[in-house]
Amino acid sequence: MKISLIIPMYNESSIIDDAVSTFGNYMKEHFEDWELIFVDDGSADGCGAPVAAAHEKDERIKLISYQPNRGKGYAVRQGMLAASGDISVFTDCDNAYGTDVIGKIYDMFAENEDADIIVGSRNMDKTGYEGYTFVRRLASKTYIKVINIVAGFGKYGLSDSQCGFKGFRTYASKKIFANCEVDRFAFDLEAIMIAGKCGFHFAQMPVKIINHRESKVNVLKDSFKMLSDVRKMKKRIKKLEIK
């Protein structure tokens, strides 16, 4: 079973060398058939250069690059649509959840034939929010809870729809992301809604943040925008004719 790992990135020159080394070495050591796809989302700091250099040494490490910046959702979509593996997984360039989760999600797909999509969840283990301040943990949990209720994700059994670590059987990811339009942070929600409309089956796996970096999400401001986005997406997807 071939695995495609997609890494969206934007102006990550400070960490890209480590990312290429860490993810590349992990894939080489743990999988026989794999590809590692970095998607440079219109960066202005040259962070695609180390990936291009790595590709010269190993063609399984690939770079998708474009201008201008379009947003994480657009970057993940390009990676998913370009992937050639049997399963396609995305995570953040800062390796927030560590590399062990890559092997774990691969094993889960191998053992659970009914799962089309596996979503990481920080709420499945008491250590999921380890290292968070009390205020950040409370804000994150409240934010996710409200989004899940408004989006109706309870019926899928999902407890952390905003987790930045997700995996798809590639036949599902191609169908889902071919119908996605959201370019920025609400893309996770759109993908889950479309997956639900397609009748795909979800599973969850416990994850925790092991590499903390300051969040770009303003909980109060972004919550209101996200709720507005959710309502718009629900209307669009209800009328959507799946390609």
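Just above, that's the structure.
Residues numbered from 1 in each chain as written. Predicted model: local features only at pLDDT ≥ 70, side-chain atom pairs only at ≥ 80, totals over all residues. Heavy atoms only, no water.

Q: Describe the nonpolar core, listing the residues and the values that go with them.
A: Counting residues in hydrophobic clusters, the biggest one holds 37 residues, and the most contacted among them are I117, I176, F177 and M233. Looking at which element gives the most residues to this core, the answer is helix α7 (residues 187-198), with seven residues. Look past the residues within four positions of I117 in its chain and what remains in contact with it is F109, G167, F168, I176, A195, F200, H201, F202 and A203. Ranked by size, the runner-up nonpolar core spans 36 residues in total, among them F31, V51, A54 and A115. (Core = buried A, V, L, I, M, F, W, Y, C linked by side-chain atoms within 4.5 Å. Buried < 20%, exposed > 50% of the residue type's maximum accessible area, 1.4 Å probe, protein only. Helix = DSSP H or I, 4+ residues; strand = E, 2+ residues; numbered from the N terminus. Contact = heavy atoms within 4.5 Å.)

Q: Tell me about the pattern of salt bridges, and name the residues and values.
A: On inspection of all chains with the given rule, the structure shows nine salt bridges. Linking R60 and D58 is a salt bridge whose minimum nitrogen-to-oxygen distance equals 3.0 Å. Measuring nitrogen to oxygen at the nearest pair gives 2.7 Å for the salt bridge that ties D183 to R77. One end of the pair, D183, is in the loop between α6 (170-177) and α7; the other, R77, is in helix α3 (residues 72-82), and 106 residues separate them in sequence. When its relative accessible area of 18% is taken as the criterion, D183 is described as buried. Salt bridges linked by common partners bring R70, R77 and D183 together as one network. (Salt bridge = Lys/Arg side-chain N within 4 Å of Asp/Glu carboxyl O.)

Q: Describe in detail the pairing of strand β4 (residues 87-90), supporting the description with residues and values.
A: On a regular strand, one side chain projects to one face of the sheet and the next to the other, so that they alternate. Residue alternation in β4 divides its side chains into two sets, I87 and V89 and S88 and F90, and both sets are buried. With four bridges joining them, strand β1 (residues 3-9) and β4 adopt parallel strand pairing. Note on β4: the bridge partner recorded for I6 is F90. Judged from the four bridges that link them, β4 and strand β6 (residues 166-169) form a sheet pairing that is antiparallel. Bridge pairing links S88 to F168 in β6. (Pairing = 2+ DSSP bridges.)

Q: Pulling in residues and values, what's your account of the side chain of R77?
A: Look at R77 and you get buried, because its relative accessible area is 9%. Not counting residues up to four positions away in its chain, the partners in contact with R77 are F177, C180, E181, V182 and D183.

Q: Help me get a handle on the packing of aromatic side chains, residues and values and all.
A: Throughout the structure, instances matching the rule amount to seven aromatic pairs. Here F90 and F187 contribute two aromatic rings whose centre-to-centre distance is 5.8 Å and whose plane-to-plane angle is 50 degrees, an arrangement assigned as tilted. On the criterion of sequence distance, the pair formed by F90 in strand β4 and F187 in helix α7 is long-range, its members being 97 residues apart. Take F90 and F187: they sit in the same class, and that class is buried. Both rings, one in Y97 and one in F165, keep their centres 6.4 Å apart while their planes meet at 45 degrees; by these two values the pair is tilted. Pair noted here: Y97 is in the loop between β4 and α4 (100-111) and F165 is in the loop between α5 (134-151) and β6, with a separation of 68 residues, a long-range link. Neither Y97 nor F165 differs from the other in exposure class; each is buried. Site record: aromatic cluster; members linked through ring pairs are Y26, F31 and Y106. (Phe/Tyr/Trp six-rings, centres within 6.5 Å; stacked < 30°, edge-to-face > 60°.)

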